[in-house]
Amino acid sequence: AILESGRLDGDSEGDGTILNLSPGGCMILSDIAVMIGQPYQLIIQSPSVLSPITIDSATVRWAHTHEFGVKIVSIGPDQEERLLELFHRLRSIAS
């Protein structure tokens, strides 16, 4: 899945690839410079979903060169349902 990430204050934006998705967060491979503890809005795009899934706020928990992990803090109920559907679909494909 591809994602666009932008800090809530609009200062940082870019693309990344989700390497590990769970209902509570994900690991992202990207050249985006992120700060641990900073909230971001995420837009997840995947061929598996018709329209992007928006996560209102996800906080960076850790960061290494070209990868970082985020914890989902705020997501609307309809978007959360779609995220869970995507998670289960990807999980069944991987099994």
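Please refer to the structure higher up on the page.
What counts and what doesn't
Residues numbered from 1 in each chain as written. Predicted model: local features only at pLDDT ≥ 70, side-chain atom pairs only at ≥ 80, totals over all residues. Heavy atoms only, no water. Pairing = 2+ DSSP bridges. Helix = DSSP H or I, 4+ residues; strand = E, 2+ residues; numbered from the N terminus. Contact = heavy atoms within 4.5 Å. Polar contact = N/O pair within 3.5 Å; in protein donor to acceptor, adjacent residues only side chain to side chain.

Draft legend 1. Summary view of the pairing of strand S3 (residues 25-29). Sheet analysis places strand S2 (residues 13-22) next to S3, joined by 5 bridges and oriented antiparallel. In the strand pairing of S3, Asn20 is matched with Met27. Taken together, S2 and the strand that follows it, S3, pair antiparallel across an intervening segment of 2 residues. Judged from the 5 bridges that link them, S3 and strand S6 (residues 67-74) form a sheet pairing that is antiparallel. Opposite Cys26, over in S6, you have Val70 as the bridge partner.

Draft legend 2. Region of interest: the environment of His66. Counting through the fold element by element, His66 comes out in the loop between strand S5 (53-64) and S6. When the C-alpha positions of His66 and Leu29 are compared, they lie 5.6 Å apart, and in sequence the two are 37 residues distant. In contact with His66, other than residues within four places in its own chain, are Ile28, Leu29, Ser30 and Asp31. At a separation of 2.7 Å, a polar atom in the side chain of His66 contacts the side chain of Asp31.

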